[in-house]
Structures are given as C-alpha cells and as structure tokens.
Amino acid sequence: MRYKLGICVFVGVLTGADVAAQQRPATPLPGSVFQSPEARAMQSDDTSNPAMLWVEKGRSLWTKSDGATGKSCASCHGDLQTVMKGVAARYPLVDQKSKTLMNIEGRINNCRTDHQQAPPLPYESNELLSLTSAITYQSRGDVRLVGIDGAAEPFFTQGRALFEQRQGQLNLACVQCHDGQVGRKLRGDTVSQGQTHGWPAYRLEWQSMGSLHRRIRSCSIGVRAEVLPYGAPSYLALELYLAWRGGSLPMESPGVRR
Amino acid sequence: MRSIRSKHYIGIALALELIFGVARADVNLPVVVTGDAVNAPLTQQVGRAAQGRVIVLSRQIGNCLICHAVPNEAKELAQGNVGPALSGVGGRLSEGQIRLRLIDQSRLNPRTIMPPYYRTNGLTNVAAQFVGKSVLDAQQIEDVVAYLVSLKE
C-alpha cells in the first residue's frame, strides 16, 4: 500500500512537470532577443529593415482595384492605418461564416474570392506577403489577444497536441526545442521560444520576406517530418496555440531573422 | 577478440546461407541491449573511425555538430551545445555504451532530445522519403562508434 502511494506521488510529480511544460513560458521573450545585434538593429529601424519594402508594396496593393467587382481593399474597408490597427493581433480566429480557423493570409484570400471575385493569392507570392506585412505592421506594439474558447477551443487543443507531439525521423517535438532548449545553440542558431509575434519576417537566409508557415515548414524539414502544404489545418492550429503561448508579448512584425 | 567474433559471424552467415540458400553480406546483426550498452557490433565489417569522423562532421549525414561540439575538430564550423561536448567520450563511455546511445538514446532517457539514429519503429509523421529508414545504417553506426571510441580526451 505504501509502495503504491509512493508510485502515485512519483507519477504525480512527473505529470506536474509535463503540465508545466504545456504552459506558456513564465517570461515570454520576443524572437528578436535571440538574434544577432545586427539583425536586431535592422529590425528596430524601419529605414534599415528590408521588410519595409513589402509593407510599402502592401500599402499600394491595399488601394488597387482587382477582380470582377473592380474593388480594392480600401473600397470596402477605408484607410489601412485606421481600420487595420490591432487586427492582426487578434488572428488567427474562427471565421463566423465558414467555422474554420483563419489567419491573416486566409482572411485576405477570403476577401479576394468573396468580395473582389479575384483568384486567391498563393502563399509566398509577393502580393500575399506584401498585404500580410502591411496589415500586420498596423499592430506593431499591440498585445496579442486570440480567442481560445468556444469555437476556437478544438483548434487550440489540436495546436497544443501538435506542439507536444514527437514527430519525424528525428523524433522531436516543437516543445523540446522551444521550451527545453531556449538560449542553447543549435549550430549557428540560438533557440528561441518559437514566438510568432515577429512574423511574417524577413529572413536573411531566404533573402526574402516569408510567412510563418514557411518558418514552421523549415522546422518540419529539420526534424524530417512530413512537410504540410501552406495553410494546412495543422499549421493553422499550431499558429493559434503559438499566438496564445506568447502571452502578453507585443507584436514586433515585420521581424528580421537570421 | 574481434577476429574470434568475426569467425563466429561468418559461422552464422554460413548457417543462414544453408537455411535460406542465399548469402547476404549486408545482413544486419540483431541489436541486443545489455544494461546500458549494446556490446556486439551491428555489422561484420569493423567500424572505420575515419569514415565515422566524416559522418559526424557532415551536415547531410550525421549532422551531430548541430547539437554537440567536438572541440578538437572543425574549429571553423559552428557547433551546438544542446548535448554534451563529445571530446573525451571514448574515455567516459565504453564502446557498447556509445553504441546504445547512438541507436536509441531514449531507452536511457525517455525525454531525451537526441534523435534515435538506428530506429524505424514508433515514429510519427515521418517524411515519405525517410519512412522505414533509420537516420544511419548499421555500418554508419559502427563507423561513428569507432570514431567516438577514439576520442579519448
């Protein structure tokens, strides 16, 4: 009996540790903290941040008419800076109409197909990256607040499970690197908490702006897991979980990364 | 020691040949875990330390330096510090202990971050091109073991 109790306590402790690992980091740290001083300096000064080229392009696309209706984003929404303030900080969210989890890219394409009657823009196209960057930029400094209850809960639960699931030929879970190894060196990279508040970001290695899904795909490749298509439900669920995991971190997109 | 063992394996190979009627030079020998070690080599071909060194340093094959440093080697390469430095590992651990740690470190530490280099089962969501394959093959494991055994300090 005593022996059994001992086991219970031991299991209890283990479970406690596992639960702790599921929580957000006690001190959420922005991804930029783990970057080189050069990359940080580039990000913090708009005149040297290469991502601003995409923000500028996005600004002009905002007012460009497109599709069968000949409408621009501005025709429906008005001034980018005013109406998009703080919007990206609330994404991803469950779209009322389709009941699916939608990120900013998904919302843009939804507007294109439904309201502009224009074809959706592929992920990583210059146009989609530019619009996403311009919209996300309007939330700079804002605290992220995503819904994880109600309709969002199953997506959140799925995202958390994926974050903790060992996967790929290398048998690694996101949480093992982005919780367990924060600050350590994985060759040339310093492992961060895997926060998403700086995305989309300009990655020096890509010499381009890239979406969050492109970043996550790199981690999938890294562990030799199946690489999912851009916009895949699993990556969206991860996106929601990661957004929540950042706690009160302010948005810092567009970031600059190694 | 090694020659007695190889004789033994030749014996097994011949026996297999008698049973199945084929001679397979690439038969992988079974993995037998004893305590925290796999003492018997996985192949008949003795591990070659020089090949092992190439595997450990190469980004494409072993990519061990992403997590480990080998301070005497490849100073120009960026080396990780997620795992312990491998210098002196041949003095700290026996050949068999090193072999098990490469085959599947999670047998010793279920929460380890070190990937299993010679395991194909119990994995989830593996990219199609790697399904059913281990990261390293048996000969590569033996080569890496030979190299690590040689790192005495």
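Model, not experiment: these values are computed from the prediction. (Residues numbered from 1 in each chain as written. Chains lettered and ligands numbered in written order. Predicted model: local features only at pLDDT ≥ 70, side-chain atom pairs only at ≥ 80, totals over all residues. Heavy atoms only, no water.)

1. Here's the deal with the overall build of chain B
Moving on, step 1. Check the secondary structure of chain B and you find five helices and zero strands.
Moving on, step 2. In sequence order, chain B lays out its α and β elements as α-α-α-α-α.
Moving on, step 3. Looking at chain B residue by residue over its 153 residues, the buried ones come to 42%.
Moving on, step 4. Within the structure as shown, chain B displays about 8,300 Å² of accessible surface, and the carbon and sulfur contribution to it stands at 58%. (Helix = DSSP H or I, 4+ residues; strand = E, 2+ residues; numbered from the N terminus. Buried < 20%, exposed > 50% of the residue type's maximum accessible area, 1.4 Å probe, protein only. Areas by Shrake-Rupley, 256 points an atom, 1.4 Å probe, with all protein chains shown as cover.)

2. Details of the interface of chain A and chain B
Moving on, step 1. Taken together, the contact between chain A and chain B spans 21 residues of the former and 27 residues of the latter.
Moving on, step 2. Both sides together, the interface formed by chain A and chain B hides about 2,200 Å², and carbon and sulfur atoms give 49% of it.
Moving on, step 3. When residues of chain A are sorted by the area they lose upon contact with chain B, Gln169(A), Arg187(A) and Arg224(A) head the list and together hold 38% of the total.
Moving on, step 4. Linking chain A to chain B there are zero salt bridges.
Moving on, step 5. Taken together, chain A and chain B are joined by 15 residue pairs in polar contact (both at pLDDT 80 or more).
Moving on, step 6. Taken together, the elements giving at least two residues each to the side of chain A that touches chain B come down to helix H1 (2-22), helix H9 (174-178) and strand E3 (185-186) of chain A.
Moving on, step 7. Taken together, the residues of the side of chain A that touches chain B sort by class into six nonpolar, eight polar and seven charged. (Contact = heavy atoms within 4.5 Å. Buried area = accessible area lost by both parts, 1.4 Å probe. Salt bridge = Lys/Arg side-chain N within 4 Å of Asp/Glu carboxyl O. Polar contact = N/O pair within 3.5 Å; in protein donor to acceptor, adjacent residues only side chain to side chain. Nonpolar A, V, L, I, M, F, W, Y, C, P; charged D, E, K, R; others polar.)

3. Looking at the environment of Ser130(A)
Residues and elements named next belong to chain A.
Moving on, step 1. Relative to the helices and strands, Ser-130 is located in helix H7 (residues 126-137).
Moving on, step 2. Expressed as a C-alpha distance, the spacing of Ser-130 and Pro-37, which sit 93 residues apart in the sequence, is 26 Å.
Moving on, step 3. Apart from the residues within four sequence positions on either side, Ser-130 is in contact with Trp-54, Lys-57, Gly-58 and Leu-61.
Moving on, step 4. Of note is the side chain of Ser-130, whose polar atom sits 2.6 Å from the backbone oxygen of Asn-126.

4. Concerning helix H4 (residues 95-104) of chain B
All names here are of chain B.
Moving on, step 1. In terms of burial, H4 is a largely internal element, nine of the 10 residues being buried.
Moving on, step 2. For H4, every residue scored as buried is listed here: Gly-96, Gln-97, Ile-98, Arg-99, Leu-100, Arg-101, Leu-102, Ile-103 and Asp-104.
Moving on, step 3. On its buried face, H4 is in contact with helix H3 (89-92) and helix H5 (138-149).

5. Observations regarding the confidence of the model for chain B
All names here are of chain B.
Moving on, step 1. Summary statistics for chain B give a mean pLDDT of 85 and a share of 80% for residues scoring 70 or more.
Moving on, step 2. Per-residue pLDDT, averaged within each element of chain B, yields its smallest value for helix H1 (residues 2-20) (43) and its largest for H4 (98).
Moving on, step 3. Note on residues 1-7: pLDDT under 50 across the span, and six contacts to partners over four residues away in sequence or across chains.
Moving on, step 4. Taken together, the stretch residues 9-25 has pLDDT below 50 and engages in 11 contacts with residues farther than four places along the chain or on a different chain.
Moving on, step 5. Prediction confidence for the complex, expressed as pTM and ipTM, is 0.89 and 0.88 respectively. (pLDDT = per-residue confidence, 0-100.)

6. A few points about the packing of helix H6 (residues 104-116) of chain A against H7(A)
All names here are of chain A.
Moving on, step 1. Contact geometry of H6 with H7 gives a least axis separation of 10 Å together with a crossing angle of 115 degrees. When the axis of H6 is compared with that of H7, the two are roughly perpendicular. Here H6 runs over H7; the crossing is right-handed. Judged by residue contacts, Ile-104, Glu-105, Ile-108 and Asn-109 of H6 engage Leu-128, Leu-131, Thr-132 and Ile-135 from H7.
Moving on, step 2. Of the residues assigned to the contact of H6 with H7, the class counts are five nonpolar, two polar and one charged. (Axes fitted to C-alpha atoms, helices over the stretch in contact; angles between N-to-C directions. Parallel < 35°, antiparallel > 145°, perpendicular 65-115°, else oblique. Left-handed = near helix turned anticlockwise from the far one by under 90°.)

7. Thoughts on the pattern of salt bridges
Residues and elements named next belong to chain A.
Moving on, step 1. Counting across every chain of the model gives 15 salt bridges over all chains.
Moving on, step 2. A salt bridge links Asp-66 to Arg-112, with the shortest nitrogen-to-oxygen separation between them at 3.1 Å. Within this pair, whereas Asp-66 is found in the loop between helix H3 (52-62) and helix H4 (73-77), its partner Arg-112 is found in helix H6, the two being separated by 46 residues in sequence.
Moving on, step 3. We classify Arg-112 as buried; its relative accessible area is 8%.

8. Some words on the nonpolar core
Burial of nonpolar side chains together is a common tendency in soluble globular proteins.
Moving on, step 1. Within the largest apolar cluster, 35 residues are counted, with the highest numbers of intra-cluster contacts made by Leu102(B), Ile141(B), Val144(B), Leu148(B) and Leu151(B).
Moving on, step 2. Secondary structure elements with two or more residues in this core: helix H2 (49-57), H4 and H5 of chain B.
Moving on, step 3. It is H5(B) that provides the largest number of residues to this core, a total of six residues.
Moving on, step 4. Excluding anything up to four places from it in sequence, Leu151(B) contacts Val70(B), Leu86(B), Gly88(B), Val89(B), Gly90(B) and Gly91(B).
Moving on, step 5. By size, the runner-up hydrophobic cluster in this structure holds 24 residues, among which are Leu101(A), Val146(A), Ile148(A) and Leu238(A). (Core = buried A, V, L, I, M, F, W, Y, C linked by side-chain atoms within 4.5 Å.)

9. Considerations on the sheet that holds strand E6 (residues 208-210) of chain A
All names here are of chain A.
Moving on, step 1. Overall, mixed pairing links the three strands, which are arranged E6-E5-E7 in an open sheet. Each edge of the open sheet is held by one strand with a lone partner, namely E6 and strand E7 (255-257). Strand after strand, the sheet turns through a mean of 35 degrees between neighbouring axes, direction not considered.
Moving on, step 2. With three bridges joining them, strand E5 (residues 201-203) and E6 adopt antiparallel strand pairing. Bridge pairing in E6 places Ala-201 opposite Gly-210. (Pairing = 2+ DSSP bridges.)

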